[in-house]
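Each chain, letter by letter, is given below.
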Amino acid sequence: MYTLKLPWPCLLTLLLVGAATHDGNSVWAKRTTAFQTRSTAGKSSSPECRCFPGDACWPAPSAWNALNESVSGHLVATVPIGSVCHGDTYDADACGAIQAAWTTAETHTDSSSSVLVPYFANQSCDPFLPRDAPCVVGTYVQYAVGVSGVSDIQSTLSFARENNIRLVVRNTGHDYFGKSTGAGALGVWTHHLKDFDVLDYSSPLYTGKAIRMGAGVQAGDAAAKAFAEGLTLVAGVCPTVGLAGGYTQGGGLGPLTSKYGFGADQVLEWRVVLADGSDVVATPDRHPDLYWALSGGGGGTYGVVYSMTVKAHPNELTTAANLSFSNNGSNDDTFFKAVGAFHAVVPALSDAGGTALWTVQSRGFSLGPVTAPGVTKETLDSILEPVLLRLQYLGIPYSYSSAEFPSYHESNLAYNPPGSTPGVQIGGRLVPRSVFTGNEDGFNQAVRKIVGQGAAVTGVSFTAPNEVNFDNSVNPELRNSMISFQVGTLWNHTDWELNLRNQDLITNTFIPSLADLIPGGGSAYLNQADFREPDWQQVFYGETYETLLQAKARYDPDDLFWGMTAVGSDRWAETEDKRLCRVS
Ligand SMILES: Cc1cc2nc3c(=O)[nH]c(=O)nc-3n(C[C@H](O)[C@H](O)[C@H](O)COP(=O)(O)OP(=O)(O)OC[C@H]3O[C@@H](n4cnc5c(N)ncnc54)[C@H](O)[C@@H]3O)c2cc1C
Ligand SMILES: *[C@@H]1O[C@H](CO)[C@@H](O)[C@H](O)[C@H]1NC(C)=O
Ligand SMILES: *[C@@H]1O[C@H](CO)[C@@H](O)[C@H](O)[C@H]1NC(C)=O
Ligand SMILES: *[C@@H]1O[C@H](CO)[C@@H](O)[C@H](O)[C@H]1NC(C)=O
Ligand SMILES: *[C@@H]1O[C@H](CO)[C@@H](O)[C@H](O)[C@H]1NC(C)=O
Ligand SMILES: *[C@@H]1O[C@H](CO)[C@@H](O)[C@H](O)[C@H]1NC(C)=O
C-alpha cells in the first residue's frame, strides 16, 4: 500500500513551502523591513511608557538581586537559547545540538524565554543564521521568575508594578500573538507549577471526579496522569501546550470538543493572583465575573492563574482514523475532487460526535486523527467509506487506517504521536455549518486557491454539545461553528522579507478569501488566528468583548497585564523599538 509520510507536528503538518516566492537575492544580512506590529511611532521614555532597559528608571542590579532574594533565587536573567550559535558565546557542538533540537517543542517550552512562533523572536540569536548575526535579548523577556508558589507570583507582580516594568505571563511560549514574550519585560514563568491532584468534587454545577492542576501542567503529562487514574481530560492535540494557561483561558479546542465541549467548559475553579497581589478563587459563585472572563476570554490579561480545577471524565471506547493521499503534480484536478469528497463527509463526522483534523497542501492531503468517542470502528469506517470509494474511482492511491481503543488517551497516543513543531505563521477563520454546507464548492475553491499559492490549510471540525450550563466567555461564534480553518506558511530562517510577504498574503489575500464566503466576514478562534487581524476585537471576541472589558477594568484597572490582541490591549502599543506605551 502506498504511504505518504507526513510527520505529525502539533496541528499543522509539515511539507509546507513558503507561499510567496523567493526574490532570489534576499539573505538575512539584507534585511530592511522593520519588525513592527500595530506600533505607535515616536514615543520614548515618556511617563506613559513602561520603563525600558537603558532608561534611568531601569532597576539597578541591587534591586534585581533583592527581587531574586524575595523569590528564593528563582530569578533568571535571559540568555537566549540560540546564543551558543553566535558571537563570543559560540560553541560549535552546542550550536549543532540546538539546531537539531529546534523543531522539538520542548526546546522552547522548557526555556524561560524562547518562543515557538519565530516572528516574535525578531531573528535574534536564531541558530540558523551566521555566527555574526545579531544576538541580543531584544524581544525576549529580560528576566523571568520561575515561580514556585503564590508568594513568588506576588513578589514578581509588585516588583513590576513598583518599577513600572512591562509584565508578561509565560507558560510554554506557544502563543501565536507573541503574548508570552516582550521587549524589556519581566516574565512570570509558570512552567514549574506541576501540582496534580484528583478530587471528588461537588458543587451546584457538577458532582464527580475533578482534577486540580498547577498552571505549568502540560497536556501530554496531564493526559498520562489522568489515564493512570482511569480518567480522561479535555485538551488540544499538542502535548506540550499548557492546559491552565492560554489554552483553557482562550477557549480550548481539541479532539473531545464534540463530546464534552471546549476546554473552558470544563473549569470548576480558578485560583488566581490578581494585579494587586490578592490571591482569590473564582467559581461560578465566587468572583463570578472573573470566573466568566477567565473561562474563554483569553490568557494573560486578567490575572495570573496559579491553578485550575476541571471536570475529569471516565475513559470511554474511542475510535480513531487517519487518511492520506498525495498530489503528484499532474493530478491537481482529481486531487481537489478527492479533497472535496472529504469535505462532504465533515458534517456526518460531526453528527457522530467526532472531531476531525486535516491538512491540505500542494503536495498532499492528510487527515489525522479523526477522533470519535463512543463510536465503533464500523460506524466511523462507514462514514468515511464514500471518501475511499471516491479515491478508488479517481485512481488516487491512499493510505487509510482506523482502530478502536478502550480510551481516548490510547487512541490519541496511537493516532496522534508527538511530532516536530516547525515555526509557522498563521491566520484563521471559523465557519458555521450552514455556511459550509450551503457553499461547500466556494470553500473547496478557496482552499484550492490558497494551497495553490504554497500555503497549507488546516481544518478542525467539531460540533459543540448543546448544553445550557456553559456560562462562560467562550465566543458564541466559536460554539456555533463547525470548522476552524487555519492557513499557515512555514517560517524561513534566513529570509525575513519572504516571511513578511507571507504574512501579507495571509492577512490580505488568504484569510479574506475565506472571510468573503461568510456573511459579515466571520470570526476567528482567538488562540489560532492572525496577530495582524484588523478588526480583532469583533473577530476574536464578538459580543463578549464589552463584558470582558468590564472584568479587565475591575481586576486589572492599571493594565499591569498586556498582550497583543488581549482584552483591553488597544490602550497600549509598541513603539518601533518595541517599548510598550499608552496610546489612550
Ligand atoms: C503547535 C501548536 C499547537 C496548538 N494546538 C492547539 C489545539 O489543538 N487546540 C487549541 O485550542 N489550541 C492550540 N494551540 C493554541 C494554544 O492553545 C495557544 O497558543 C495557547 O495560548 C497556549 O497556551 P500556553 O499557556 O501553553 O502558552 P503561552 O504562550 O505560554 O501562553 C499563552 C497565553 O496565555 C497566557 N498565560 C499563560 N499562562 C498563564 C497563567 N498561568 N495565567 C494567566 N495567563 C497565562 C500568556 O500570557 C499568553 O497570553 C496550539 C498552538 C501551537 C503553537
Ligand atoms: C529560505 O529562503 C532562502 C532565500 O530566499 C531560500 O534560498 C531557501 O530555499 C528558503 N528555505 C526554505 C526552507 O524554503
Ligand atoms: C538568583 O539567585 C540564584 C541563587 O542564588 C542564582 O543562581 C541566580 O543566578 C540569581 N539570578 C540572577 C538573575 O542574578
Ligand atoms: C529586531 O531586529 C532588527 C534587525 O536585527 C534590529 O535592528 C532591531 O533592533 C530588533 N528589535 C528589537 C526590539 O530587538
Ligand atoms: C499522478 O497520479 C495520477 C492518479 O491520480 C496518475 O494517473 C498519474 O499517473 C500520476 N502521475 C505521476 C507522474 O506519478
Ligand atoms: C495512521 O495510523 C497508523 C496506526 O497508528 C500508523 O501506523 C500510520 O503511520 C498512520 N498514518 C499516517 C499517515 O499518519
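Thresholds, definitions, all that
Residues numbered from 1 in each chain as written. Chains lettered and ligands numbered in written order. Predicted model: local features only at pLDDT ≥ 70, side-chain atom pairs only at ≥ 80, totals over all residues. Heavy atoms only, no water. UniProt positions renumbered as here; feature names shortened; annotations may be inferred. Near = heavy atom within 4 Å. Polar contact = N/O pair within 3.5 Å; in protein donor to acceptor, adjacent residues only side chain to side chain. Areas by Shrake-Rupley, 256 points an atom, 1.4 Å probe, with all protein chains shown as cover. Nonpolar A, V, L, I, M, F, W, Y, C, P; charged D, E, K, R; others polar. 1 Å grid on protein atoms, 1.4 Å probe; cavity = no way out; pocket = protein on both sides within 12 Å on 5 of 7 lines; lining within 4 Å. Points joined across faces, edges and corners; volume = space filled by probe spheres on them. Domains from an automatic or database assignment. Salt bridge = Lys/Arg side-chain N within 4 Å of Asp/Glu carboxyl O. Buried < 20%, exposed > 50% of the residue type's maximum accessible area, 1.4 Å probe, protein only. Axes fitted to C-alpha atoms, helices over the stretch in contact; angles between N-to-C directions. Helix = DSSP H or I, 4+ residues; strand = E, 2+ residues; numbered from the N terminus. Parallel < 35°, antiparallel > 145°, perpendicular 65-115°, else oblique. Left-handed = near helix turned anticlockwise from the far one by under 90°. Contact = heavy atoms within 4.5 Å. Pairing = 2+ DSSP bridges.

In the nomenclature of an unreviewed UniProt entry, the protein corresponds to 6-hydroxy-D-nicotine oxidase-like protein from the organism Hapsidospora chrysogenum. Turning to the protein, the UniProt annotation filed under Sequence similarities (unreviewed entry) states: "Belongs to the oxygen-dependent FAD-linked oxidoreductase family."

> Teacher, can you tell me more about the site of ligand 4 here?
Taken together, Arg31, Asn122, Pro134, Gly138, Thr139, Asp577 and Lys578 form the complete shell of residues around ligand 4. The separation between an oxygen atom of ligand 4 and a polar side-chain atom of Asn122 is 2.5 Å. The fraction of the free accessible surface of ligand 4 (360 Å²) that becomes covered by protein chains is 56%. Here the residues of the shell around ligand 4 sort into 1 nonpolar, 3 polar and 3 charged.

> Any chance you could explain empty space enclosed by the protein here in plain terms?
Gaps left between atoms show up when a probe the size of a water molecule is rolled over them. Taken as a whole and judged by the stated rule, the model has 9 cavities of 30 Å³ or more. Computed from the structure, the second largest cavity encloses a volume of approximately 170 Å³. As for the second largest cavity, its lining consists of 19 residues, of which Trp102, His108, Val115, Pro118 and His493 are closest to the centre. Here the lining of the second largest cavity is built from residues that sort into 10 nonpolar, 8 polar and 1 charged. The two domains that each donate at least three residues to the lining of the second largest cavity are domain 1 (8-12 + 14-186) and domain 3 (318-541).

> Which parts of the structure should I look at to understand the pattern of salt bridges?
For side chains of opposite charge, pairing can occur when their charged atoms come near one another. For the coordinates displayed, the defined rule picks out 19 salt bridges. In this structure, the salt-bridge partner of Lys179 is Asp175, at a minimum N-O distance of 3.6 Å. The class of Asp175 is buried, set by a relative accessible area of 17%. The closest approach of N and O atoms between Arg579 and Asp577, which form a salt bridge, is 3.8 Å. You can call Arg579 buried: its relative accessible area is 6%.

> What is the right way to read the packing of helix H1 (residues 61-70) against helix H4 (residues 150-163) from this model?
Packed helix pairs are specified by the crossing angle of their axes together with the interaxial distance, meaning the distance between the axes. Contact pair H1 / H4: the axes reach a minimum separation of 9 Å and the direction vectors enclose 160°. Accordingly, the angle class assigned to the pair H1 and H4 is roughly antiparallel. Every pair of crossing elements has a handedness; the one defined by H1 and H4 is right-handed. Listed contacts from H4 to Ala63, Trp64, Leu67 and Ser70 of H1 are Asp152, Ser155, Thr156 and Phe159. For the contact of H1 with H4, the class distribution of residues is 4 nonpolar, 3 polar and 1 charged.

> Mind showing me how you'd approach the layout of surface pockets here?
Size it by volume and the largest pocket reaches roughly 230 Å³. Looking at the largest pocket, it is lined by 18 residues, and the ones nearest its centre are Gly220, Ala223, Pro239, Asn412 and Leu413. Grouping the amino acids of the lining of the largest pocket by side-chain chemistry returns 12 nonpolar, 5 polar and 1 charged. Per-domain counts for the lining of the largest pocket show at least three residues from each of domain 2 (196-315) and domain 3 (318-541).

> I keep staring at the UniProt feature "domain: FAD-binding PCMH-type" (unreviewed entry) in the protein and nothing clicks. Help me out?
As recorded in UniProt, the feature "domain: FAD-binding PCMH-type" (unreviewed entry) lies at residues 136-315. A helix fraction of 23% and a strand fraction of 29% characterise residues 136-315, whose end C-alpha atoms lie 48 Å from each other.

> Explain the pairing of strand E14 (residues 364-373) here, please?
Among the 10 residues in E14, 10 count as buried, and that is most of the element. In the sheet, strand E12 (residues 318-326) pairs with E14 via 8 bridges, with the strands oriented antiparallel. Residue pairing across strands places Ala320 opposite Thr371, the latter belonging to E14. Direction of pairing for strand E13 (residues 355-361) relative to E14: antiparallel, over a ladder of 6 bridges. Across the sheet, the residue bridging to Val360 is Phe365, located in E14. Here E13 folds back onto E14 in antiparallel fashion, the turn holding 2 residues.

> Explain the sheet that holds strand E4 (residues 185-189) here, please?
As a general point, the strands of a sheet are linked pairwise by backbone hydrogen bonds and lie either parallel or antiparallel. Strand order in this open sheet of 4 strands is E1-E2-E4-E3, and the pairing throughout is mixed. The sheet terminates laterally at strand E1 (75-77) and strand E3 (166-170), the two strands that pair on one side only. Going across the sheet, the axis of each strand differs from the next one's by a mean of 25°, ignoring polarity. Sheet topology places E1 next to strand E2 (residues 143-146); 3 bridges connect them, and they run antiparallel. Directly across from Ala77, in E2, lies its bridge partner Tyr143. Of the strands in this sheet, E1, E2 and E4 are in contact with H1, which crosses E1 at around 140°. Contacts from H4 reach E2, E3 and E4 within the one sheet, and its direction differs from that of E4 by about 165°.

> For this particular structure, what's the right way to read the side chain of Thr172?
Here Thr172 is to be found in the loop between E3 and E4. Within the structure, Thr172 has its side chain in polar contact with the side chain of His174 (distance 2.7 Å). Ignoring sequence-local partners within four residues, the contact set of Thr172 consists of His108, Thr109, Leu116, Gln218, Thr240, Val241 and Gly242.

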